[in-house]
Protein chains: 2
Amino acid sequence: MKDSLKIVKIGGGVLDDPEQLHQFVAEFHRLPGQKVLVHGGGKGASTLLQSLGIEPQMVNGRRITDAATLDVVTMFYAGKTNKLLVALLQERGTNALGLSGADGNVLRATRRPVGAVDYGYVGDLTDQSVNTPLLQTLLGAGLTPVFCAITHDGQGQLLNTNADTIASVLARALAPFYEVALHFCFEKDGVLADVNDNSSVIPQITPARFQELKASGAIAAGMLPKLENAFAALEAGVEKVIIENALKINEPVKTVLCRS
Amino acid sequence: MKDSLKIVKIGGGVLDDPEQLHQFVAEFHRLPGQKVLVHGGGKGASTLLQSLGIEPQMVNGRRITDAATLDVVTMFYAGKTNKLLVALLQERGTNALGLSGADGNVLRATRRPVGAVDYGYVGDLTDQSVNTPLLQTLLGAGLTPVFCAITHDGQGQLLNTNADTIASVLARALAPFYEVALHFCFEKDGVLADVNDNSSVIPQITPARFQELKASGAIAAGMLPKLENAFAALEAGVEKVIIENALKINEPVKTVLCRS
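Worth saying up front: this structure is predicted, and the values here are computed from it rather than measured.

What counts, and at which threshold
- The numbers attached to residues start from 1 for each chain and follow its sequence in the written order.
- To read the labels, note that chains go from A and ligands from 1, taken in the order they are written.
- Where totals are concerned, whole chains, interfaces and linings use all residues; where local detail is concerned, this predicted model gives features only for residues with pLDDT of at least 70, and gives and counts side-chain atom pairs only at 80 or more.
- Excluding hydrogens and water, the side-chain values take into account all heavy atoms of the structure.
- In short, DSSP must find at least two bridges between two strands for them to pair.
- A run of DSSP states H or I qualifies as a helix once it reaches four residues; a run of E qualifies as a strand once it reaches two. Both are numbered from the N-terminal end.
- We call two residues contacting when some pair of their heavy atoms lies within 4.5 Å.
- For every element, the axis is a line fit to its C-alpha atoms; helices are fit only across the contacting stretch, and the angle between N-to-C directions ranges from 0 to 180 degrees.
- Here a pair means two rings of Phe, Tyr or Trp (six-membered ring of Trp) with centres within 6.5 Å. Their orientation is stacked below 30 degrees between planes, edge-to-face above 60, and tilted elsewhere.
- Only protein chains enter the accessibility calculation, which uses a 1.4 Å probe. A residue is then buried if its area is under 20% of the maximum for its type, exposed if over 50%, and partly exposed in between.
- An arc is given here, and it is the one of the directions from the helix axis to the C-beta atoms.
- Residues adjacent in sequence count toward polar contacts only when both atoms are side-chain atoms; beyond that, a polar contact is any pair of N or O atoms within 3.5 Å, and within protein one must be able to donate a hydrogen and the other to accept it.
- Superposing the copies works by least squares over the C-alpha atoms of residues that have pLDDT at least 70 in both of them.
- Here, a salt bridge means any side-chain nitrogen of Lys or Arg that lies within 4 Å of a carboxyl oxygen of Asp or Glu.

Enquirer: Explanation requested: the sheet that holds strand E5 (residues 96–99) of chain A in the structure shown.
Expert: Whenever strands of a sheet pair, they do so through backbone hydrogen bonds, lying parallel or antiparallel. All names here are of chain A. Read from one edge to the other, the open sheet built from eight strands follows the order E5-E8-E2-E1-E11-E13-E14-E12, with strand pairing classed as mixed. Here the strands that pair on one side only, and so sit at the sheet edges, are E5 and strand E12 (204–205). Sheet strands touched by helix H2 (residues 18–30): strand E1 (3–10), strand E2 (34–39) and strand E8 (144–147). Its angle to E2, the strand with the most contacts, is close to 155°. Helix H8 (residues 224–235) rests against strand E11 (178–186), E12, strand E13 (240–245) and strand E14 (255–257) of the sheet, and its axis sits at about 145° to E13.

Enquirer: What's the story with the packing of aromatic side chains in this structure? I'm lost.
Expert: Two aromatic rings are characterised by how far apart their centres lie and by the angle between their planes. Residue and element names in this part refer to chain B. Counted by the stated rule, this structure contains four aromatic pairs over all chains. With a centroid separation of 4.9 Å and 25° between ring planes, the pair formed by Phe210 and Phe231 is classed as stacked. Pair noted here: Phe210 is in helix H7 (residues 207–216) and Phe231 is in helix H8 (residues 224–235), with a separation of 21 residues, a long-range link. Here Phe210 and Phe231 have matching classes, each one buried.

Enquirer: Please explain helix H5 (residues 132–140) of chain A as it appears in this structure.
Expert: The α-helix advances 3.6 residues per turn, and as a result positions three or four apart in sequence lie on the same side. All names here are of chain A. Restricting attention to buried positions, one finds in H5 the residues Thr132, Leu134, Leu135, Leu138 and Leu139. The buried residues of H5 all sit within an arc of 155° when viewed along its axis, so they share a single face. Away from its buried face by more than 90 degrees, H5 exposes Pro133 and Gly140. For H5, the capping residue at the N-terminal end is Asn131, with a side-chain oxygen 3.2 Å from the backbone nitrogen of Leu134.

Enquirer: Explanation requested: the sheet that holds strand E14 (residues 255–257) of chain B in the structure shown.
Expert: All names here are of chain B. Ordered by their spatial adjacency, eight strands build an open sheet running E5-E8-E2-E1-E11-E13-E14-E12, and the pairing between neighbours is mixed. Each edge of the sheet is formed by a strand with only one pairing partner; in this case those strands are strand E5 (96–99) and strand E12 (204–205). For E12 and E14, the ladder comprises two bridges, and the chain directions are parallel. Across the sheet, residue Ile205 finds its bridge partner in E14, namely Leu257. Here helix H2 (residues 18–30) sits on the sheet and contacts strand E1 (3–10), strand E2 (34–39) and strand E8 (144–147); the angle it forms with E2, its principal contact strand, is near 155°. Packing of helix H6 (residues 163–174) onto the sheet brings it into contact with E1, E2, E8 and strand E11 (178–186), and relative to E11 it is tilted by some 165°.

Enquirer: Help me understand the relation of the copies chain A and chain B, please; the structure alone is not making it clear to me.
Expert: Two chain copies, one operation linking them: a rotation about an axis together with a shift along it. Superposition of chain A onto chain B requires a rotation of 180° combined with a translation of 0.0 Å along the rotation axis, giving an RMSD of 0.0 Å. Read as a symmetry element, the transformation amounts to a two-fold axis. No C-alpha of chain A approaches the rotation axis more nearly than that of Gly79(A), which lies at 1.9 Å. When you check the interface residues of chain A against chain B, 100% turn up at the interface there too, and the contact is symmetric in its surfaces.

Enquirer: Looking at this structure, I do not really get the pattern of salt bridges. What am I missing?
Expert: Pairing is possible between side chains of opposite charge, provided their charged atoms come close. One pass over the structure, following the stated rule, counts 25 salt bridges over all chains. Between Lys9(A) and Asp164(A) there is a salt bridge, with its nearest N and O atoms 2.8 Å apart. With Lys9(A) in strand E1 and Asp164(A) in helix H6 (residues 163–174), the pair connects residues that are 155 residues apart, well separated along the chain. Neither Lys9(A) nor Asp164(A) differs from the other in exposure class; each is buried. Measuring nitrogen to oxygen at the nearest pair gives 3.0 Å for the salt bridge that ties Lys248(B) to Asp189(B).

See below:
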């Protein structure tokens, strides 16, 4: 019987609003059992870049990370956001420990090859990127790892890496050792049947139901890649994927994706 | 028989110069056995503060840390410097793991009381501040902890904390479990008999010799508090304190302070 493990990913909305951040920390602390937190950046990194005279460059909604941008996002994600979350979790009594992928070589990425777009210092991960023995040691010592969206290539180079991808790769790599629930948190209560009605949460989606919803065009375009990604994680051994509101993780309202 | 443990503190000079930083990383990697690195900030934090329109405030050579300054130094120390050191050590093959005092509650400080000067968000440490079981777990797992000069108060507040003090407190708290050598690295080759002659390194200083040197006025004023601090660490059980050049830690030239 494997121990259960919750991997919770939070994004910009919660991180940008101090009140929501405190509320999320209280809810995350209340989640029982072993857990991991993965956080993205939020708007603060862009604001800091602009304060330093570096114009954020985006292509297809993704950040182009040149050397100066990497320096700033590393400071913001690994320094400011990560340490704030760790300190607030420690205040509650959750024994949080902040990690970039370089720390303990916990996430080794490869720099994205230059194609039509040169994304710069951006890292891609595979299921072999994760130092699972280290995570088992940390979890076994009662710690709650808190990951920021920075990895490294093992050759001295830090890399900016998508937080959704980090959460998915961690879940897949840890699935042989834990019964993993992967939680994607955002500002809505779950996957909505009607994108304008926050009460239209679909409680459960099987692969068959997903095909129906896709065919009917009911799922918002932005949600599609997240769901594809989620079902791939289930195929790879993750027990369940949950899509929910960051401030309601201890409430029953949510969408649970399951294998069948 | 206790395992030996080296605690190495580096300061501004090495951190401010990329070439020296790489050279130090190579030397630190070559140091045999279990080890811990503690780093201060260097001039980069002041440059970043000024870029953001925050004028660094110093009183008696110490930084006044208001909330905006704390944000920036946390980003710089815990984000930029710490992650760069960790990534460069990983490149060499040293399994470094970066820590602020908040991570794993490894260093819990108390905010310095407001006296004649309000230093702001500055943390003071005692020998009871250190989570020694966590450090034993990390060292036992083959990791090399890399500490930045940020701690927390356990109540959600991060605190700016002197890196020399962090190194001393770690050494004292770990002395019951390891044979600890505490290395203070700087730009000179050791304690000099003649401050203008870098070849005048005093190889060994006992408490009796220290009293003689103090009485004769031979020791530079800036070195005195460091030495007082070092002998206090020896009294508290640290095996030896070494004062040496950050780029020559594997060479025999250095000053060793010993109990008798």
